[in-house]
Amino acid sequence: MITDPSAVAVSIQPLDAAWQGQADALGLQLGLPVTQAPETDFVLQLGESGLQLVQRGPDAPGPVRVDLLEGAAAHRRRFGGGSGQMIAKAVGVGTGIRPSVLDATAGLGRDAFVLATLGCAVTLIERQPLIAALLEDGLRRATGDEEVGAIVARMTLLKGNAIELMRKMDEAPQVIYLDPMFPHRDKSALVKKEMRIFRPLVGDDPDAPALLEAALGLASHRVVVKRPRKAPPIEGAKPSYSLDGKSSRYDIYPKKALGKG
């Protein structure tokens, strides 16, 4: 799996002069060149609307950004079904039960945001630096919102290798949530766009079995793995049961029952 942005041609572009200073700081942080006229395959653009990742080329999809205030995130927050959602059932959300969750494969933070919206304290880990930068930017922009700010206050982002970070954690989360990269065949435009951009940067997750093993060794109550519905379980320990949706499946590895409080 590619986790170093320098392994592909990426640059940072401030969209106007007002963002030059922040672009320079981000370039130092990520070890990427800052330019007004990028010729790289990928461009991390910084402007008034925040940070966005753009793949260049004639057939490239549109920009990808983390927006927790509008669009799909806002729609799901208002109309997603609350604790009746399958992901809520998978992690054990119930009456009086809001488990602490570690999302060890955070990506753009969508599932973590859903769980935080439901009242869970969520720690997110993302190891691909460009995706982590997008997520950090989205969380920062949402912090000042009166309604969503209270939700993202329950979200804590860590950057780095989840396996290594989990092995060093002193306090065990009740639930660990995993959604490793898999050769997706989802036809929706949103997923297709993001997969087209992220696949060259992220690839698949050949270390998924080690990730599951580390999660099982740390979680106090259960591990939940999201998979495409027809995909095989991750190699290693077998799930006790699964919850099936239209396109996804949640494999559940329980350790002990979640209690109220």
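Worth saying up front: this structure is predicted, and the values here are computed from it rather than measured.

(A) Inspection of the pattern of salt bridges at higher detail. Scanning all chains against the criterion turns up 7 salt bridges. For glutamate 136, the salt bridge identified is with lysine 159, shortest N-O distance 2.7 Å. Of this pair, glutamate 136 sits in helix H5 (residues 129-143) while lysine 159 sits in strand S6 (residues 155-159), placing them 23 residues apart in sequence. Residue classification places glutamate 136 among the partly exposed positions, given a relative accessible area of 36%. With a relative accessible area of 41%, lysine 159 lands in the partly exposed category. Between arginine 141 and aspartate 137 there is a salt bridge whose closest N-O contact spans 2.9 Å. Of the two residues, arginine 141 and aspartate 137 are both situated in helix H5; the distance of 4 residues between them amounts to about one turn of the helix.

(B) Main features of the UniProt feature "binding site: S-adenosyl-L-methionine" (unreviewed entry) in the protein. Residues annotated in UniProt with the feature "binding site: S-adenosyl-L-methionine" (unreviewed entry) correspond here to Arg110, Asp111, Glu126, Arg127 and Asp179. Locating glutamate 126 in the fold gives a position in strand S5 (residues 122-126). With a relative accessible area of 8%, glutamate 126 lands in the buried category. By the element assignment, aspartate 179 lies in the loop between strand S7 (175-178) and helix H8 (189-202).

(C) A look at the nonpolar core. Ranked by size, the top nonpolar core spans 53 residues in total, and within it Leu44 and Leu68 carry the most contacts. If you tally residues by element for this core, the top one is H5, at 7 residues. Counting residues domain by domain, this core receives three or more from each of domain 1 (8-47) and domain 2 (69-252).

(D) Highlighting the layout of surface pockets. Estimated volume of the second largest pocket: approximately 230 Å³. Of all elements in the fold, only helix H1 (20-30) and H5 reach the threshold of two or more residues within the lining of the second largest pocket. Per-class residue counts for the lining of the second largest pocket are 5 nonpolar, 2 polar and 3 charged. Here the lining of the second largest pocket spans two domains, since at least three of its residues come from each of domain 1 (8-47) and domain 2 (69-252).

(E) Just the side chain of aspartate 103, in detail. When you line up the elements, aspartate 103 lands in strand S4 (residues 101-103). In this structure, aspartate 103 is buried with no salt-bridge partner, the nearest side chain bearing the opposite charge being lysine 226 at 9.1 Å. From its side chain, aspartate 103 meets the backbone nitrogen of threonine 105 in a polar contact 3.2 Å long. In this view, aspartate 103 contacts Ala112, Val122, Thr123, Leu124, Ile125 and Tyr177; residues no more than four positions away in its chain are not counted.

(F) Local environment of H1. Among the residues of H1, those classed as buried are Ala23, Leu26, Gly27 and Leu30. When H1 is viewed along its axis, its buried side chains cluster within an angular range of 105° and face the same direction. For H1, the secondary structure elements touched by its buried residues are strand S1 (10-14), strand S2 (42-47), strand S3 (50-55) and H5. Looking one or two residues beyond H1, the residue adopting positive phi is glycine 31, at roughly 70°.

(G) Region of the structure containing the sheet that holds S2. Overall, mixed pairing links the 3 strands, which are arranged S1-S2-S3 in an open sheet. In this open sheet, the two edge strands, each paired with only one partner strand, are S1 and S3. In this sheet, adjacent strand axes meet at a mean angle of 25° when their direction is disregarded. Two elements, S1 and S2, share 5 bridges in a ladder whose sense is parallel. The partner of serine 11 across the bridge, within S2, is valine 43. Strands S1, S2 and S3 of the sheet are contacted by H1, whose axis makes an angle of about 160° with S1.

The rules behind each value
Residues numbered from 1 in each chain as written. Predicted model: local features only at pLDDT ≥ 70, side-chain atom pairs only at ≥ 80, totals over all residues. Heavy atoms only, no water. Salt bridge = Lys/Arg side-chain N within 4 Å of Asp/Glu carboxyl O. Helix = DSSP H or I, 4+ residues; strand = E, 2+ residues; numbered from the N terminus. Buried < 20%, exposed > 50% of the residue type's maximum accessible area, 1.4 Å probe, protein only. UniProt positions renumbered as here; feature names shortened; annotations may be inferred. Core = buried A, V, L, I, M, F, W, Y, C linked by side-chain atoms within 4.5 Å. Domains from an automatic or database assignment. 1 Å grid on protein atoms, 1.4 Å probe; cavity = no way out; pocket = protein on both sides within 12 Å on 5 of 7 lines; lining within 4 Å. Points joined across faces, edges and corners; volume = space filled by probe spheres on them. Nonpolar A, V, L, I, M, F, W, Y, C, P; charged D, E, K, R; others polar. Lys, Arg positive; Asp, Glu negative; His and termini not counted. Polar contact = N/O pair within 3.5 Å; in protein donor to acceptor, adjacent residues only side chain to side chain. Contact = heavy atoms within 4.5 Å. Arc of directions from axis to C-beta. Pairing = 2+ DSSP bridges. Axes fitted to C-alpha atoms, helices over the stretch in contact; angles between N-to-C directions.

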